[in-house]
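Listed here are the chains, written in short residue letters.
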Amino acid sequence: MSDFGSRQVPLIPPEILPIEVKRENEYGTLTSKRYLYNVKSLNGKSLKPPILDTPPYHISLITYLNYLILIILGHIHDFLGLKFQRDKHLDIVEQNGYAPWFSKFESFYVRRLKKRIDDCFSRPTTGVPGRFIRCIDRVSHDFNEYFTYNGKTTMCLNLSSYNYLGFAQSEGQCTDAAIDTVRKYGINVGGPRSQSGTTDLHIEAENLIANFLGKEDAMVFSMGYGTNANFFNSFLDSKCLVISDELNHTSIRTGVRSSGAAVRTFKHNDMKALEKIIREQIVIGQPKTNRPWKKIIICVEGLYSMEGTLCNLPDLIALKKKYKCYLYVDEAHSIGAMGPRGRGVCDVFGVDPNDVDILMGTLTKSFGAAGGYIACDKWIIDKFRLDLTTVNYGESIAAPVLAQIISSMKTITGDTNPGEGEERLQRIAFNSRYLRLGLQRLGFIVYGAPDSPVIPMLLYCPSKMPAFSRMMLQRKIAVVVVAYPATPLIESRVRFCMSSSLTKEDIDYLLRHVSEVGDKLFLKVSSGKASVPEDGRPPRWDIEEVLRKTPEDCKDSKFFSI
């Protein structure tokens, strides 16, 4: 038995669990209506400047010294290894007249830094990634050169999955709908959509997505990454300009590069820098010819997955209208999980979705399915149906996946199981706010917006990243640690992924263990600027006081700035 808060949950294989306990392991029962939070729309207001908490100078200095020591030792290891153990470094030396794929300098970071902590990444799991996740145990050999498996698994509290609304379940209305669809349509739909892949399910899903988002039309794709990677190729050419937020996802960057369009980046969420670039590019025009740009498109994300921050949508819309640009918003992490009705950033800010030219999102996270979508004006979708690479050469979404999308979206809107979707939205909002404020009061530096289900907690030193991950696993908690190049070099972090499937007692359990590990690893370095302490209160609270006062305080707007 494992004690998660005040509740006892048996950790035994799911195939022999009673149906009630199995359901509880996938989606925890709400213990009190007090642990719900109804998100309020900002009604067109812009974001306030964020209050950034920075670590003491000695933390930054120690972090740089950590990397310096690792780099020096790594180069010494390479030098001695090539001299005395050449047979163990065959991947970076010439063999049979062939040069190595990568030089020792190019592959240095992967070999000498990342590989040493590979046991913290890509941990294999099995079963449903719900409230608990079952991690497959493995043993590392020769500094993570390879792993062996002993056939055992460990059930952990799940803070590592993008199952925001908890729809990834092995039973329930979504699973029933998927199974019924398999019986009717089969596992797949029969090939590329341009030939025989389109079914009535595709049409229903696209119409439902368009109505959900408030757009004229929508188009679904079998892969979220591919949605971004192929969109720009059809919409842009070399005479177009993309102005991109510096923290945009790699799928956007891949798509823009493949389109041949010119690219300019602006500092994350800096509207003054963005406006300056727009004005300059309108004046300068295309390189060499100085002709006006054919299209100028501003690309941002609704919710940034590494920072937990929101785009400043009202200001972006104002700039887009002022300079007659297109606005593209990637809502991979915000759609379904944020806003009073789960409609993403447009819902959060209370703006008209028609003021955003193109809304893109994925169906893998909040909806527990797979694939992506583009939602915009009908004339753009009609053009995509003719020449977008994805639909001409890729497979369409399988029928059971479409059933999952349709069922989960109808639950959110209340068309099926009225009240369930609203409760899931209120649960994830409460959970996100509670964990964020609790971590801040304990003394950790935390990034992001209050209602963001992505909660990054800064670790800084590279050595603390594997230590935190391994110590959490020992405590039966699954977390995701992230480092360079996904983040700035000195801003290694753990990224807690919140879900409505978690209960308040689960978060209590998490906070207790994070506080304990944080004390051991000296991670509580916050100055208290980012949170709003009570009169005379120190920036760091005792864990018992956090658990007692924070659940109610997290509903009070004075403790959050947005």
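The preceding data block contains the structure.
All chains use their own residue numbering, which begins from 1 and follows the written sequence. For this predicted model, a pLDDT threshold of at least 70 governs which residues receive local features, and a threshold of 80 or more governs which side-chain atom pairs are given and counted, while totals over whole chains, interfaces and linings are taken from all residues. Excluding hydrogens and water, the side-chain values take into account all heavy atoms of the structure.

A.B. asks: Give a detailed account of the overall build of the protein chain, specifying residues and quantitative values.
C.D. replies: Put simply, DSSP H or I for four residues or longer makes a helix, DSSP E for two residues or longer makes a strand, and each gets a number counted from the N terminus. Scanning the protein chain for helices and strands turns up 18 helices and 16 strands. Against the compact-globule benchmark of 24 Å for 562 residues, the protein chain has a radius of gyration of 24 Å, which places it among compact chains. With respect to the principal axes defined by its C-alpha atoms, the protein chain has extents near 65 × 60 × 55 Å. Here the term buried applies to any residue with accessible area under 20% of the maximum for its type, exposed to any over 50%, and partly exposed to those in between, with areas from a 1.4 Å probe on protein chains only. Taken across its 562 residues, the protein chain has 55% of its residues classed as buried. When checking whether two residues touch, look at their non-hydrogen atoms; a contact exists if any pair is within 4.5 Å. Long-range pairs, those at least 24 residues apart, make up 72% of the contacts in the protein chain with a sequence separation of at least 6. Note on areas: Shrake-Rupley with a 1.4 Å probe; residue coverage comes only from the protein chains shown. Only carbon and sulfur atoms are counted for the fraction: they give 56% of the accessible area of the protein chain, which is about 25,100 Å². For the purpose of charge, His is not counted, nor are the chain termini; Lys and Arg are scored as positive and Asp and Glu as negative. One atom stands in for each charge, and that atom is NZ of Lys, CZ of Arg, CG of Asp or CD of Glu. Here the protein chain contributes 71 positively and 62 negatively charged side chains, and the mean placements of these two sets differ by 4 Å. Here the globule rule is a power law, 2.2 Å times the number of residues to the power 0.38, and the radius of gyration is based on C-alpha atoms.

A.B. asks: An account of the layout of surface pockets is needed here, citing residue identities and associated values.
C.D. replies: Of the grid points, spaced at 1 Å and generated over the protein atoms alone, those admitting a 1.4 Å probe that cannot get out make up cavities, while open sets with protein on both sides within 12 Å along at least five of seven lines make up pockets; any residue with an atom within 4 Å of a point is treated as lining. Grid points are joined across faces, edges and corners, and a volume is the space filled by probe spheres set on the points. When its volume is computed, the second largest pocket comes out at roughly 730 Å³. When contributions to the lining of the second largest pocket are tallied by element, the ones reaching two or more residues are α2 (57–84), α3 (108–114), β4 (132–141), α16 (464–474), β15 (480–482) and β16 (492–497). Among the elements that make up the lining of the second largest pocket, the one with the highest residue count is α3 (four residues). Looking at the lining of the second largest pocket residue by residue, the class counts come to 23 nonpolar, six polar and five charged. Side-chain classes are defined by residue name, with Ala, Val, Leu, Ile, Met, Phe, Trp, Tyr, Cys and Pro counting as nonpolar, Asp, Glu, Lys and Arg as charged, and the others, Gly among them, as polar.

A.B. asks: If you had to explain the pairing of strand β10 (residues 326–330) to someone new, which residues and values would you point to?
C.D. replies: As a general feature of sheets, a regular strand has side chains that alternate between the two faces. Most of β10 is tucked away, with four of its five residues classed as buried. Here five bridges tie strand β9 (residues 296–301) to β10, and the two strands are oriented parallel to one another. Across the sheet, residue I298 finds its bridge partner in β10, namely L327. By convention a crossover is right-handed if, when the strands point away from the viewer, the path from the first strand over the helix to the second runs clockwise. Regarding topology, helix α10 (residues 313–323) serves as the crossover connection from β9 to the parallel β10, and that connection is right-handed. In this scheme, strands are said to pair when DSSP sees at least two bridges between them. Summarising the sheet, β10 and strand β11 (residues 358–362) pair through three bridges and their orientation is parallel. When the bridges of β11 are listed, V329 appears paired with L359.

A.B. asks: I'd like to hear about a nonpolar patch on the surface, residue by residue, with values.
C.D. replies: Here a patch means residues that are over 30% exposed by relative accessible area and free of salt bridges, tied together within 9 Å if like-charged and within 5 Å if nonpolar (Val, Leu, Ile, Met, Phe, Trp, Tyr). Salt bridges, as used here, are contacts in which a Lys or Arg side-chain nitrogen is within 4 Å of a carboxyl oxygen on Asp or Glu. A surface patch of nonpolar side chains, about 1,000 Å² in accessible area, is lined by L61, L65, L68, I69, I72, L73, I76, F79, L80 and F84. Mapping L73 onto the fold places it in helix α2.

A.B. asks: Which residues make up the packing of aromatic side chains, and what values go with them?
C.D. replies: By convention, a stacked pair of Phe, Tyr or Trp rings (six-membered ring in the case of Trp) has centres within 6.5 Å and planes under 30 degrees apart, an edge-to-face pair has planes over 60 apart, and any other such pair is tilted. According to the stated counting rule, one finds twelve aromatic pairs in the structure shown. Geometrically, the ring pair formed by Y35 and F430 is tilted, given 5.5 Å between the ring centres and 35° between the ring planes. With Y35 in the loop between α1 (19–26) and α2 and F430 in helix α15 (residues 420–442), this pair connects stretches of sequence that are 395 residues apart. For the residue pair Y35 and F430, the accessibility class agrees, reading buried in each case.

A.B. asks: Tell me what's going on with the sheet that holds β16, and back it up with residues and numbers.
C.D. replies: Read across the open sheet, the three strands follow the order β13-β16-β15; overall the sheet is antiparallel. Because the sheet does not close on itself, it has two edges, and the strands there are β13 (454–460) and β15. Strand-to-strand twist in this sheet, taken as the mean axis angle between neighbours without regard to direction, amounts to 30°. Relative to β16, β13 runs antiparallel, the two being bridged by six bridges. Each bridged residue has a counterpart across the sheet, and for L458 the counterpart in β16 is R493. Packing of α16 onto the sheet brings it into contact with β13, β15 and β16, and relative to β13 it is tilted by some 125°. To get an axis, fit a line to the C-alpha atoms, keeping to the stretch in contact for a helix; angles then go from 0 to 180 degrees between the N-to-C directions.

A.B. asks: Describe empty space enclosed by the protein, and please don't skip the residues or the numbers.
C.D. replies: Taken as a whole, this structure holds six cavities of 30 Å³ or more when the rule is applied. Lining the largest cavity we find V39, A337, M338, G339, L425, I428, A429, S432, D451 and P453. For the lining of the largest cavity, a count of residues per class yields seven nonpolar, two polar and one charged. When residues of the lining of the largest cavity are assigned to domains, at least three fall in each of domain 1 (21–55 + 123–158 + 420–559) and domain 3 (173–413). The split of the chain into domains comes from an automatic or database domain assignment.

A.B. asks: Hey, could you go over unusual backbone geometry for me, with residue numbers and the actual values?
C.D. replies: A cis geometry characterises the amide bond from Y484 onward to P485, with omega recorded as 10°. Within the secondary structure, P485 sits in the loop between β15 and β16. Of note, K288 is a non-glycine position whose phi angle comes to about 70°, a positive value. Its location among the elements puts K288 in the loop between α9 (271–284) and β9. For K288, a relative accessible area of 85% translates into the label exposed. Phi is positive for N417, close to 50°, though the residue is something other than glycine. Secondary-structure assignment places N417 in the loop between α14 (399–413) and α15.

A.B. asks: Explain the pattern of salt bridges residue by residue, including any values.
C.D. replies: Using the criterion set out here, one finds 30 salt bridges in the structure. Between R183 and D180 there is a salt bridge, with the nearest N and O atoms lying 3.1 Å from each other. Highlighted residues: R183 and D180, both in helix α4 (residues 173–185), separated by three residues, approximately one helical turn. When the shortest N-O distance is used, the salt bridge between K549 and E545 registers 3.4 Å. Remark: E545 and K549 occur in helix α18 (residues 543–553); sequence separation between them is four residues, near one turn of the helix.

A.B. asks: Let's hear about the sheet that holds β9: which residues, and what values?
C.D. replies: Spatially, the seven strands line up as an open sheet ordered β6-β12-β11-β10-β9-β7-β8, and their pairing is mixed. The sheet is open, and its two borders are formed by β6 (217–221) and β8 (262–266), each paired with just one other strand. Across the sheet, the axes of successive neighbouring strands diverge by a mean angle of 20°, strand direction being ignored. With five bridges connecting them, strand β7 (residues 241–245) and β8 associate as parallel partners. Counted as the bridge partner of S244 is T265 from β8. Against the sheet, helix α7 (residues 224–235) touches β6, β9, β10, β11 and β12 (372–376), its axis set at about 155° to β11. On top of the sheet, α9 reaches β7, β8 and β9; it is set at about 150° to β8, its chief contact.

A.B. asks: Run through the packing of α15 against helix α17 (residues 504–521), naming residues and quoting values.
C.D. replies: Where α15 meets α17, the closest approach of the two axes is 11 Å, and the angle between their N-to-C directions is 20°. For the element pair α15 / α17, the angle class is roughly parallel. Crossing hand, α15 versus α17: right-handed. Counted together, F430, N431, Y434, L435, G438, L439 and L442 of α15 and K504, I507, D508, L510, L511, V514 and S515 of α17 form the full contact between these two elements. In the contact of α15 with α17, the residues fall into nine nonpolar, three polar and two charged. Here the angle decides the label: under 35 degrees means roughly parallel, over 145 means roughly antiparallel, 65 to 115 means roughly perpendicular, and every other value means oblique. Take the far helix as the reference: if the near one is turned anticlockwise from it by less than a right angle, the crossing is left-handed, and if turned clockwise, right-handed.

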